[in-house]
Amino acid sequence: MNFFRALGNLLRFDRANWKAILLCVLAASIFWLFNAFNKNHVANIEFPLRFEYDQEKFVPIEELPTRIGINVSGNGWDLFRNQFGLKVPVLVIPLEKPLDTKKIVSASLTSVFQPQLEKLTINFLISDTLRLQIDEKDFHKFKVNPDFSEFTFEDGFGRISPVVILPDSVVLEGPKSLLHQIPEFVSVKIQGESISQSVSEQVDIVMDRQSIEVEPASVKIMFEVGRVIEVKATLKLTSKMKTIPSDSIDVWFRIPAKREEEFRNQLVEMSAMVSVQAADPDGVVNPTIRNVPLYAELIRMDSVVVNAPPR
């Protein structure tokens, strides 16, 4: 009963007494906090990383590690500032031979980092081995090739002019090993669905690797779209072989509807050339069609079976 009576008397304090109690609690908390921060403590802290090398000559193939975890000990104030990002130093790793450095064992970095951490003492590195992929920086010029895999026309419509690309080539800069893996051209995707009007748009060139830079970053794509028809043509079949299975072949083209008469007049200039070297193991070969007008698109053709030489 005495306890509850004392608690009741405490709760009946006036407002001035409550202020005094709160000030006492606050002062005690601050005193405890300052006393704790003035002692040494241990903490795990992630530090930002920067690799130092000649960036004019070398470039990373994959993104380099950007942070590293370290167990450190030091004054509470210093740990607090680093733990909450108030004063976190960027740790620098010098690379004297970037091409030869494929991995760095974390334990070997203690002597590199300790002078950079000033008041903190490194106990051990939490992060495991750092793996690097750095290559010589190189640049090459590549032709731009349109990719229509994500482009469709409205029924009865199609491309009725050559594709104009401005500029028709770009310069890629990046790791030498990656640039040498790229074919002779860079593909740019033309996107559109059920298109029935001519196209003139700026298209970004997107590379699979972020380490490769493109200049310029986009090109202008232009071509005319109009009504098209499919035309079947029987072409003369030629070959350097003494004998061929047939003297003609059926070929299908997609052409602008308004140029049908012109196309039929040009058929006499077109031919199909068979090369035995192009035959597959079964002797099947797709002939090469010669003198096809620029406005005509080859859709399909009959194949030819020849007596292919043994391989």
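This text goes with the structure placed above it.
Rules used throughout
Residues numbered from 1 in each chain as written. Predicted model: local features only at pLDDT ≥ 70, side-chain atom pairs only at ≥ 80, totals over all residues. Heavy atoms only, no water. Helix = DSSP H or I, 4+ residues; strand = E, 2+ residues; numbered from the N terminus. Buried < 20%, exposed > 50% of the residue type's maximum accessible area, 1.4 Å probe, protein only. Contact = heavy atoms within 4.5 Å. Areas by Shrake-Rupley, 256 points an atom, 1.4 Å probe, with all protein chains shown as cover. Salt bridge = Lys/Arg side-chain N within 4 Å of Asp/Glu carboxyl O. Pairing = 2+ DSSP bridges. Axes fitted to C-alpha atoms, helices over the stretch in contact; angles between N-to-C directions. Phe/Tyr/Trp six-rings, centres within 6.5 Å; stacked < 30°, edge-to-face > 60°.

Enquirer: Before we move on, can you summarise the overall build of the protein chain with the specific residues and values?
Expert: The secondary structure content of the protein chain amounts to six helices and 24 strands. Within the protein chain, the fraction of its 311 residues that count as buried is 34%. At a minimum sequence separation of 6, the contacts of the protein chain that also span at least 24 residues come to 72%. With the model as given, the accessible surface of the protein chain reaches about 20400 Å², and the carbon-plus-sulfur share is 52%.

Enquirer: Which residues make up the pattern of salt bridges, and what are the values?
Expert: By the definition in use, this model includes eleven salt bridges. In this structure, Lys-143 engages Asp-168 in a salt bridge whose closest nitrogen and oxygen atoms are separated by 2.9 Å. Remark: Asp-168 occurs in the loop between strand E11 (164–166) and strand E12 (169–175) and Lys-143 occurs in strand E8 (residues 134–147); sequence separation between them is 25 residues. Of the residues examined, Lys-143 reaches a relative accessible area of 48% and is grouped as partly exposed. The closest approach of N and O atoms between Arg-254 and Glu-297, which form a salt bridge, is 3.2 Å. Note that Arg-254 is positioned in strand E19 (residues 248–256) and Glu-297 in strand E23 (residues 297–301), a separation of 43 residues in sequence. According to the relative accessible area criterion, Arg-254 is partly exposed, its value standing at 25%. For Glu-297, a relative accessible area of 34% puts it in the partly exposed group.

Enquirer: So, the sheet that holds E11: which residues are in play, and what are the values?
Expert: Judged by pairing direction, the sheet is antiparallel, and its three strands sit side by side in the order E11-E17-E15 without closing on themselves. Of all the strands in the sheet, just E11 and strand E15 (199–204) have a single pairing partner and so form its edges. Mean inter-strand twist for the sheet, computed between neighbouring axes without regard to direction, equals 20°. Examined bridge by bridge, E11 and strand E17 (residues 218–223) share three bridges and lie antiparallel to one another. Paired with Ile-165 across the bridge in E17 is Ile-221.

Enquirer: Explain the pairing of E12 residue by residue, including any values.
Expert: Most of E12 is tucked away: five of the seven residues are buried. As paired elements, E12 and strand E16 (residues 213–215) share three bridges and run antiparallel to each other. Residue pairing for E16: Glu-173 is matched across the bridge by Glu-213.

Enquirer: Go over unusual backbone geometry with me, naming the residues and quoting the values.
Expert: Residue Pro-167 is reached from Leu-166 by a cis peptide bond, and omega for that bond is -10°. Mapping Pro-167 onto the fold places it in the loop between E11 and E12. Although it is not a glycine, Ser-194 sits at a positive phi angle of roughly 55°. As for its placement among the helices and strands, Ser-194 is situated in strand E14 (residues 192–195). For Ser-194, a relative accessible area of 43% corresponds to the partly exposed category. Here Asn-291, not a glycine, exhibits a phi torsion of approximately 60°, which is positive. On the basis of relative accessible area, Asn-291 is assigned to the exposed category, the value being 52%.

Enquirer: Go over the packing of aromatic side chains, please, and point to the residues and values.
Expert: Per the counting criterion, the structure on display carries six aromatic pairs. Relative to Phe-151, the ring of Phe-148 has its centre 5.7 Å away and its plane inclined at 85°; by these criteria the two rings are edge-to-face. The exposure class assigned to Phe-148 is partly exposed, which follows from its relative accessible area of 25%. Taking relative accessible area as the criterion, Phe-151 reaches 8% and is therefore assigned buried.

Enquirer: How would you summarise the side chain of Thr-101 if you had to cite specific residues and measurements?
Expert: Note that Thr-101 resides in the loop between strand E4 (91–94) and strand E5 (103–104). Residue Thr-101 is classed as buried on the basis of its relative accessible area of 19%. If near-sequence neighbours (up to four positions away) are discounted, Thr-101 is found in contact with Leu-95 and Leu-132.

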